[in-house]
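Given next are the chains, with one letter for each unit.
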2 protein chains.
Amino acid sequence: MPYVMVQIPHTPSAASPTPRPVPTSADVARLAGVSRATVSYVLNNTSAVRISEPTRRRVHEAAKELGYVPHAAARSLRAGHSRMVLMPAPAIPAGPLYGQFINDLQWALSRLDYTVVQYVTAGLRGDEAARAWAELRPVAVLVPGAGPGAEGVAVLKRAGARAVVTLGPERVDGAHALLMDHEAVGRCAGAHLYARGRRRVGVVVPAETGLETYSRPRLEGVRRALYGTDASVTELPLGYTEQSAGELASRWRQLGIDSVFAYNDEYAMLLMRALQDEGVRIPEDTAVVGADDLMLGRLLRPRLSTIHIELPSGRELAELVDRVVRDPGGTPETHEVLGASVVRRESS
Amino acid sequence: MPYVMVQIPHTPSAASPTPRPVPTSADVARLAGVSRATVSYVLNNTSAVRISEPTRRRVHEAAKELGYVPHAAARSLRAGHSRMVLMPAPAIPAGPLYGQFINDLQWALSRLDYTVVQYVTAGLRGDEAARAWAELRPVAVLVPGAGPGAEGVAVLKRAGARAVVTLGPERVDGAHALLMDHEAVGRCAGAHLYARGRRRVGVVVPAETGLETYSRPRLEGVRRALYGTDASVTELPLGYTEQSAGELASRWRQLGIDSVFAYNDEYAMLLMRALQDEGVRIPEDTAVVGADDLMLGRLLRPRLSTIHIELPSGRELAELVDRVVRDPGGTPETHEVLGASVVRRESS
DNA sequence: TTGAAAGCGCTACCAG
DNA sequence: CTGGTAGCGCTTTCAA
């Protein structure tokens, strides 16, 4: 049987079976009839060299026709540096407060002409993760939460990172630190409840993993605020489910607690609801204080007292990063950036 | 009172004034007394070539001593491809529902050995943004929300992206689509309220910008569900503040509305509170339905009826991406991935 | 078993 | 004003 060429019907929208190679600046040069150097000059608007207007146009047209997009990796390889700011993505989705802060920060960095990238690190941790970040040769690394060890910081620095900034509960050697002292949140809550005459203070600690970074210091803060007084502190594990809250509420009277600091507003809402269903009056029988000053606290009845947390503006932090990148010589700075203040409403 | 960053005095630590150049594989080779090729073989465990054990050790030791970390850009430049999956970061922080979904997805992709990167695009939009993404030569791009036009998709494909997937309300030519039909959410709510005997339906539309992508379709869905019936639909702009909610509630009786679909549970909570403060009984005078099925809805009194939204599992989507990357030839698929179902509680 | 060398795409020197 | 070219760090043939 003779061989017959058969054309396979093919919709134009489908990806071509042999994808054309990605156009390079050499392709643009060829099409425009100039050298690669000229293409580079034109597309980068290099001021040190003047290219005639007709040539510019030809280059631009060729680039557009080919759909040319420069290759960032090649460019930064050649340049020997990049303007990438790398932020490891948090392992669990950030709450509204912290999420907004991160957002502002990233936006401010973008405005300063940095390429901001959130890097998703799954599985690796500590110095493993730091190595993975270092492979991208970021000019700066902003590490939220429990950061890498001093070892990890050293790896990043050796890989050319001009600024390593941690945003978390503790300093790391060699890195700039934005100290977010969550103990202060607990201290604030403890002192407030004590001042309101409460002496048997419960502290809700989320049962969910991944929150320990914040929940432990908040608990410790309450302990510290009440240390040496006649008040007692009881740790209350609580999962973020109605059932868990119900169980805790059902043995509330046995616990003999007259007040509770609930980690944050969401856990506070959960617990408050369960307590009310159990007939516990708030604040008469039990005072409740949340944290983060979310909208929902204002909407509860009674209105929820809370610890307002002040984070630095994204712009400030972006400027710090920029300053350090421009002058990496300085000694690492440590800034206390977490302001905690009580917002008394009706629940305490 | 604005919070002020306070610098804490700090012992001078070793930031060397003349930072050593970043070690390269050539440095490792020199220190180990072998060639760069051998270093590459050893560090990549190249199976096609066998290196003697003593040599391996020497290389590893040299690498460790120098703190050598390979240069990802150089590597992928040489390789001609990368395993980077790029996701533009949403302009506003994602809510808990969507945030969890994104998180799962990223984690699943990491497990498949992709480098997942959230790219923060500030200022640029549409095809401008697509060009910026294309510069990184990602192997796949996942675009949430209102994506780039067909133009943008073409740019990405020409830049070597083997998979472009949009996660949003509409298809884009040339890209695979995970259609999240938010109209279905509105239809669901509208049909439910109609079935409950409500005929004058209000729909809360957030006044905040950036939410139109979701709020418009949800409104349209309600309209569609009630089209041709004797029910009317009233659009109710609402800012996420107590004041805005108070104003809306104060003119509630004039509006003559007997039910409201509140965009999501948070806006529902805000409005419900204001209505209750105004003496409006829920659900007798006004039925309220939220969306997203957040925990907080269960905690309200009356318990909030809501539209439960089912998103695909991150693992499923990750596998789709992986499949398309491995075989980019196929025609773009469109999947309906948003399941909406009413969860009737006490507020409707 | 190891080394020499080419070349990925780009920019910045230096000549013409 | 424009072109040739070296070289960023890496991997991978091909030779030795």
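Note that the structure is predicted; figures quoted are calculated from it, not measured.

Glancing now at the domain arrangement of chain A. All names here are of chain A. By the assigned domains, chain A splits into domain 1 (25-70), domain 2 (80-180 + 312-338) and domain 3 (182-310). Relative placement of domain 2 and domain 3: their C-alpha centres are 32 Å apart. On the side of domain 3, 10 residues touch domain 2, which itself brings 10 residues to the contact. For the pair domain 2 and domain 3, the summed buried surface comes to about 860 Å²; carbon and sulfur atoms form 71% of the total. Together, Ile92, Leu97 and Leu338 form the three largest contributors to the area buried by domain 2 at its contact with domain 3, with a combined 56%. Taken together, domain 2 and domain 3 are joined by 0 salt bridges. Across the contact surface, domain 2 and domain 3 share 1 residue pair in polar contact (both at pLDDT 80 or more). When grouped by side-chain class, the residues that make up the side of domain 2 that touches domain 3 number 9 nonpolar, 1 polar and no charged.

Applying the stated rule across the entire model yields 40 salt bridges over all chains. For Asp113 of chain B, the salt bridge identified is with Arg83 of chain B, shortest N-O distance 4.0 Å. In this pair, Asp113 of chain B sits in the loop between helix 5 (96-111) and strand 3 (115-119) while Arg83 of chain B sits in the loop between helix 4 (72-79) and strand 2 (84-88), placing the two residues 30 residues apart along the sequence. By relative accessible area, which is 35% here, Arg83 of chain B ends up partly exposed. Three or more residues joined by partner-sharing salt bridges are found here, namely Glu242 of chain A together with Asp293, Arg298, Arg303, Arg345 and Glu346 of chain B.

So, on to the packing of aromatic side chains. Applying the stated rule across the entire model yields 6 aromatic pairs over all chains. Each ring, one from Tyr240 of chain B and one from Tyr267 of chain B, has its centre 5.0 Å from the other, and the planes form 50°; the classification is tilted. Placement of Tyr240 of chain B in the loop between strand 8 (232-238) and helix 10 (242-250) and of Tyr267 of chain B in helix 12 (residues 265-277) is noted, with a sequence separation of 27 residues between them. We classify Tyr240 of chain B as partly exposed; its relative accessible area is 24%. Relative accessible area serves as the criterion here: at 5%, Tyr267 of chain B is assigned to the buried category. Where Tyr263 of chain B meets Tyr267 of chain B, the ring centres are 5.7 Å apart and the plane angle is 85°; that geometry is what we call edge-to-face. Connected via pairs of aromatic rings, a cluster forms that spans Tyr240, Tyr263 and Tyr267 of chain A. Positioned above the aromatic ring of Tyr114 of chain A, the side-chain terminus of Arg83 of chain A is 4.0 Å from the ring centre.

This paragraph deals with the interface of chain A and chain B. At the interface, 74 residues of chain A touch 66 residues of chain B. Carbon and sulfur atoms supply 60% of the area that chain A and chain B bury against each other, a total of about 6,500 Å² over both sides. For the pair chain A and chain B, the interface holds 6 salt bridges. Across the pair Arg298 of chain B and Glu242 of chain A runs a salt bridge whose closest N-O atoms are separated by 3.7 Å. Joining chain A to chain B, the criterion identifies 17 residue pairs in polar contact (both at pLDDT 80 or more). Elements represented by at least two residues in the side of chain A that touches chain B include exactly helix 4 (72-79), helix 5 (96-111), strand 2 (115-120), helix 6 (127-135), helix 7 (150-158), helix 12 (265-277), helix 13 (295-299) and strand 11 (334-336) of chain A. Of the residues belonging to the side of chain A that touches chain B, the class tally is 38 nonpolar, 19 polar and 17 charged. Bridge count between strand 2 of chain A and strand 3 of chain B: 4 bridges; the pairing is antiparallel. Each residue of the ladder has a partner; that of Tyr119 of chain A, found in strand 3 of chain B, is Val117 of chain B.

Okay, the environment of Val201 of chain B next. Residue and element names in this part refer to chain B. Relative to the assigned elements, Val201 resides in strand 7 (residues 200-206). We classify Val201 as buried; its relative accessible area is 0%. Taking the C-alpha atoms as reference, Val201 lies 7.9 Å from Gly190; in sequence the two are 11 residues apart.

Residues in close proximity to DNA strand C total 25 residues, the closest being Ser25, Arg36, Tyr41, Tyr68 and Arg78 of chain A. In DNA strand C, the atoms that sit within 4 Å of the protein are 58% sugar and phosphate, with bases accounting for the remainder. At a separation of 3.2 Å, a phosphate oxygen of DNA strand C approaches a polar side-chain atom of Ser40 of chain A. One of the side-chain N or O atoms of Thr55 of chain B is found 2.7 Å from a phosphate oxygen in DNA strand C. Of all the secondary structure elements, the ones that give two or more residues to the surface near DNA strand C are helix 2 (36-43) and helix 4 of chain A together with helix 2 (36-43) and helix 4 of chain B. In terms of residue count, the dominant contributor to the surface near DNA strand C is helix 2 of chain A (4 residues). When the residues that make up the surface near DNA strand C are grouped by side-chain class, the tally is 11 nonpolar, 9 polar and 5 charged.

What follows covers unusual backbone geometry. Most peptide bonds are trans, and most residues other than glycine sit at a negative phi. Residue and element names in this part refer to chain A. With an omega dihedral of 10°, the bond running from Ile282 to Pro283 counts as a cis peptide bond. Take Pro283: it is sitting in the loop between helix 12 and strand 9 (287-291). Cis geometry is found at the peptide bond from Arg301 to Pro302, where omega equals 0°. Inspection of the secondary structure assignment puts Pro302 in the loop between helix 13 and strand 10 (305-310). Despite not being glycine, Asp293 shows a phi value in the positive range, around 55°. Here Asp293 is to be found in the loop between strand 9 and helix 13.

Parameters and conventions
Residues numbered from 1 in each chain as written. Chains lettered and ligands numbered in written order. Predicted model: local features only at pLDDT ≥ 70, side-chain atom pairs only at ≥ 80, totals over all residues. Heavy atoms only, no water. Domains from an automatic or database assignment. Contact = heavy atoms within 4.5 Å. Buried area = accessible area lost by both parts, 1.4 Å probe. Salt bridge = Lys/Arg side-chain N within 4 Å of Asp/Glu carboxyl O. Polar contact = N/O pair within 3.5 Å; in protein donor to acceptor, adjacent residues only side chain to side chain. Nonpolar A, V, L, I, M, F, W, Y, C, P; charged D, E, K, R; others polar. Helix = DSSP H or I, 4+ residues; strand = E, 2+ residues; numbered from the N terminus. Buried < 20%, exposed > 50% of the residue type's maximum accessible area, 1.4 Å probe, protein only. Phe/Tyr/Trp six-rings, centres within 6.5 Å; stacked < 30°, edge-to-face > 60°. Lys NZ or Arg CZ within 6 Å of the ring centre and 35° of its normal. Pairing = 2+ DSSP bridges. Near = heavy atom within 4 Å.

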